[in-house]
Amino acid sequence: MSDLQLIHGFHAVTSRLRSRAEAVREIYVDAARQDRRSRELQALAAEKGVRVIAVDARRLDGMAGGDRHQGVVARVEAVRLPTHIDDVLEGLAEPPLLLILDGVTDPHNLGACLRVADGMGAHAVIAPKDHAVGLNATVAKVASGAADSVPYIMVTNLARTMRELKDRGIWLIGADERAGNDLYAIQLGGPLAWVLGAEGEGMRRLTRETCDELARIPMRGSVESLNVSVSAGICLAEARRQRRQAA
C-alpha cells in the first residue's frame, strides 16, 4: 500500500488535485465554511472524482497538528521524488541548477524556498539531515505544490556532498553579504549550485569554505539582509537570466 500523508491549506490541496488527483484519497472540509473558495475546491474535487467529507473545525485542527489549515485537509498518497542527487543529475537536458540550503530550520522558509526553486526551474534543493527542517504539512502548504515537483534531498554530510558535486563539474557559489564579488558580475551560465545559509546565521564555516566562490547580493537600501527565500529567488533568477541570454 502506498504511504499516506496529510496536507492542508487551499494552495497545497488544490495543486495536488490539479496535478495528481488520483493520489488524493479524500478531502476534509470545515462544515461551517460555505464561502466561494471552499465551494470552488469542492467543485474541483467533484470534477476529479475525489470524495469530500464535511467535518467540524476541531477535527481539522487535530488533523493539521495545530497548524493553520484554512478549513481544508486532504489525505493523499506520498509523492515519490528522487532521494539521491545522482538520480536528479542523470539525464538532465541542460546544465544542473541546484539550491543548497545550510541551516534552514523554519518550515515556512523551506516551503518558500521550494516554491522559488520550482518557479526558477531548479532541479533539486539539497540540505543536511542534522541542520534542517524536513518535509511536513506546513512546508507543503507554504510551497503551494512545489514540494511535489522539486526533489528535496537531505544528506548526511553536506560538505562531502558539495565536494562530490564539484567533482562532477558543478560550480558552487555561496551567497554571502561579506563577499567582495557582486552576483551580477560573475558568470552563472554553467553547471551551478547556489549555497545559502539561514537568515542571520548564514552558512556554517565548513560550508562556506567548501564553496568555489562567494558572491553578495548588492543592497541599495537600509536593510542589511534578506529572507533566505528572497535571496534564493534573486540568485536563481540571475542564473536563469544569464542562461537565457547565452542561448
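Residues numbered from 1 in each chain as written. Predicted model: local features only at pLDDT ≥ 70, side-chain atom pairs only at ≥ 80, totals over all residues. Heavy atoms only, no water.

## Considerations on the overall build of the protein chain
Now for step 1: Helices and strands together make up the secondary structure of the protein chain, namely nine helices and ten strands.
Now for step 2: Its C-alpha atoms give the protein chain a radius of gyration of 20 Å, near enough to 18 Å, the size a compact globule of 247 residues would have.
Now for step 3: Here the protein chain holds 247 residues, and 49% of them are scored as buried.
Now for step 4: Counting only contacts in the protein chain whose residues sit at least 6 apart along the sequence, the fraction spanning at least 24 positions is 81%. (Helix = DSSP H or I, 4+ residues; strand = E, 2+ residues; numbered from the N terminus. Rg over C-alpha atoms; globule rule 2.2 N^0.38 Å. Buried < 20%, exposed > 50% of the residue type's maximum accessible area, 1.4 Å probe, protein only. Contact = heavy atoms within 4.5 Å.)

## Brief notes about the pairing of strand β9 (residues 192-197)
Now for step 1: Counting buried positions along β9 yields six of six residues, so the element is predominantly enclosed.
Now for step 2: Residues Leu192, Trp194 and Leu196 line one face of β9 and the alternating positions Ala193, Val195 and Gly197 line the opposite face, and both faces are buried.
Now for step 3: Bridge count between strand β5 (residues 97-102) and β9: six bridges; the pairing is parallel. Bridge pairing in β9 links Ile100 to Val195.
Now for step 4: Sheet analysis places strand β8 (residues 171-175) next to β9, joined by four bridges and oriented parallel. When the bridges of β9 are listed, Ile173 appears paired with Trp194. (Pairing = 2+ DSSP bridges.)

## A short note on the pairing of strand β7 (residues 152-155)
Now for step 1: As judged from the four bridges shared by strand β6 (residues 124-128) and β7, these two strands associate in the parallel manner. Bridged to Ala127 within β7 is Met154.
Now for step 2: The handedness of the β6 to β7 crossover, carried by helix α6 (residues 137-143), is right-handed. (Right-handed = clockwise from strand over helix to strand, strands pointing away.)

## A closer look at the sheet that holds strand β3 (residues 51-55)
Now for step 1: Strands sit in the order β1-β4-β2-β3 across an open sheet of four strands; the sheet is mixed. Looking along the sheet, the strands with just one partner apiece sit at the ends: β1 (4-8) and β3. On average, adjacent strands in this sheet sit at an angle of 20 degrees to one another, irrespective of strand direction.
Now for step 2: For strand β2 (residues 24-30) and strand β4 (residues 72-77), the ladder comprises five bridges, and the chain directions are antiparallel. (Axes fitted to C-alpha atoms, helices over the stretch in contact; angles between N-to-C directions.)

## Thoughts on the environment of Arg39
Now for step 1: Its location among the elements puts Arg39 in helix α2 (residues 36-48).
Now for step 2: It is 20 Å that separates the C-alpha atoms of Arg39 and Asp61, two residues lying 22 residues apart in sequence.

## Let's talk about the packing of helix α1 (residues 10-20) against α2
Now for step 1: At a minimum axis separation of 10 Å, α1 and α2 run at an interaxial angle of 20 degrees. Between α1 and α2, the angle is such that the two are roughly parallel. Here α1 runs over α2; the crossing is left-handed. Together, Phe10, His11, Val13, Thr14, Leu17 and Arg18 of α1 and Arg37, Ser38, Leu41, Leu44, Ala45 and Lys48 of α2 make up the contact between the two elements.
Now for step 2: Taken together, the residues that form the contact of α1 with α2 break down as six nonpolar, three polar and three charged. (Parallel < 35°, antiparallel > 145°, perpendicular 65-115°, else oblique. Left-handed = near helix turned anticlockwise from the far one by under 90°. Nonpolar A, V, L, I, M, F, W, Y, C, P; charged D, E, K, R; others polar.)

## Some points on the sheet that holds β5
Now for step 1: Spatially, β7-β6-β5-β9-β8-β10 is the arrangement adopted by the six strands of the open sheet, whose pairing is parallel. Single-partner strands in this sheet number two, and they are β7 and β10 (213-215). Geometrically, the sheet is characterised by an average inter-axis angle of 25 degrees between neighbouring strands, direction not taken into account.
Now for step 2: Against the sheet, helix α5 (residues 107-119) engages β5, β6 and β7, with an angle of about 170 degrees to β5.
Now for step 3: Its contacts with the sheet put helix α9 (residues 228-246) on β5, β8 and β9, and the angle it makes with β9 is roughly 165 degrees.

## Some remarks on the confidence of the model for the protein chain
Now for step 1: Residues with a pLDDT of 70 or more make up 99% of the protein chain, whose mean pLDDT is 91.
Now for step 2: No element of the protein chain has a lower mean pLDDT than α6, which averages 86, and none a higher one than β5, which averages 98. (pLDDT = per-residue confidence, 0-100.)

## Digging into the pattern of salt bridges
Now for step 1: For the structure on display, the rule yields 16 salt bridges.
Now for step 2: Linking Arg205 and Glu209 is a salt bridge whose minimum nitrogen-to-oxygen distance equals 3.0 Å. Of the two residues, Arg205 and Glu209 both sit in helix α8 (residues 205-210), four residues apart, roughly one turn of that helix. When sorted by exposure, Arg205 lands in the same class as Glu209, which is exposed.
Now for step 3: Salt bridges here are not isolated pairs; linked through shared partners, they connect Glu26, Arg51 and Arg75. (Salt bridge = Lys/Arg side-chain N within 4 Å of Asp/Glu carboxyl O.)

## Looking at α1
Now for step 1: Turning to α1, its buried residues number three or more, namely Phe10, Ala12, Val13, Thr14, Arg16 and Leu17.
Now for step 2: For α1, the elements touching its buried residues are β1, β2, α2, β4 and α6.

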